[in-house]
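Listed below, chain by chain, are the residues.
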Amino acid sequence: MSILSYLHVVMTTRLAELRRDGERGDSPVPTAVIIFGLVFVAITVTGLALSKANDWMTSIPNHVNPK
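The structure presented is a predicted model; accordingly, all values stated were derived computationally and were not measured. (Residues numbered from 1 in each chain as written. Predicted model: local features only at pLDDT ≥ 70, side-chain atom pairs only at ≥ 80, totals over all residues. Heavy atoms only, no water.)

Enquirer: Please set out the overall build of the protein chain residue by residue, giving values where relevant.
Expert: When its secondary structure is counted, the protein chain shows two helices and zero strands. Expected size for 67 residues packed as a compact globule is a radius of gyration near 11 Å; at 28 Å, the protein chain overshoots this value by more than 25%. Its C-alpha atoms give the protein chain principal-axis dimensions of about 80 × 30 × 10 Å. Buried positions account for 0% of the 67 residues belonging to the protein chain. Accessible surface for the protein chain amounts to roughly 6,500 Å². Of this, 70% is attributable to carbon and sulfur atoms. Taken together, the 6 basic and 5 acidic charged side chains of the protein chain have centroids lying 7 Å from each other. (Helix = DSSP H or I, 4+ residues; strand = E, 2+ residues; numbered from the N terminus. Rg over C-alpha atoms; globule rule 2.2 N^0.38 Å. Buried < 20%, exposed > 50% of the residue type's maximum accessible area, 1.4 Å probe, protein only. Areas by Shrake-Rupley, 256 points an atom, 1.4 Å probe, with all protein chains shown as cover. Lys, Arg positive; Asp, Glu negative; His and termini not counted. Charge placed at Lys NZ, Arg CZ, Asp CG, Glu CD.)

Enquirer: Can you explain the environment of Val45? Please cite residues and give values.
Expert: Along the polypeptide, Val45 turns up in helix H2 (residues 28-58). The exposure class assigned to Val45 is exposed, which follows from its relative accessible area of 51%.

Spatial relationships are all this shows, so hold off on functional conclusions.
As structure tokens, then:
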């Protein structure tokens, strides 16, 4: 029974400390939205660069794809 009492005291103490700390920073939702937006932009830019490179390579006369 002593381990349960110890865990109860530790948990209630930690929760009290967390409640006292008023400034916890921003929520993770806006951060996740920003990261998703950056990943979307990176994928878009990479796709555009790949299509431009493929167009440039196919415009070369006598172009043959490597095997």
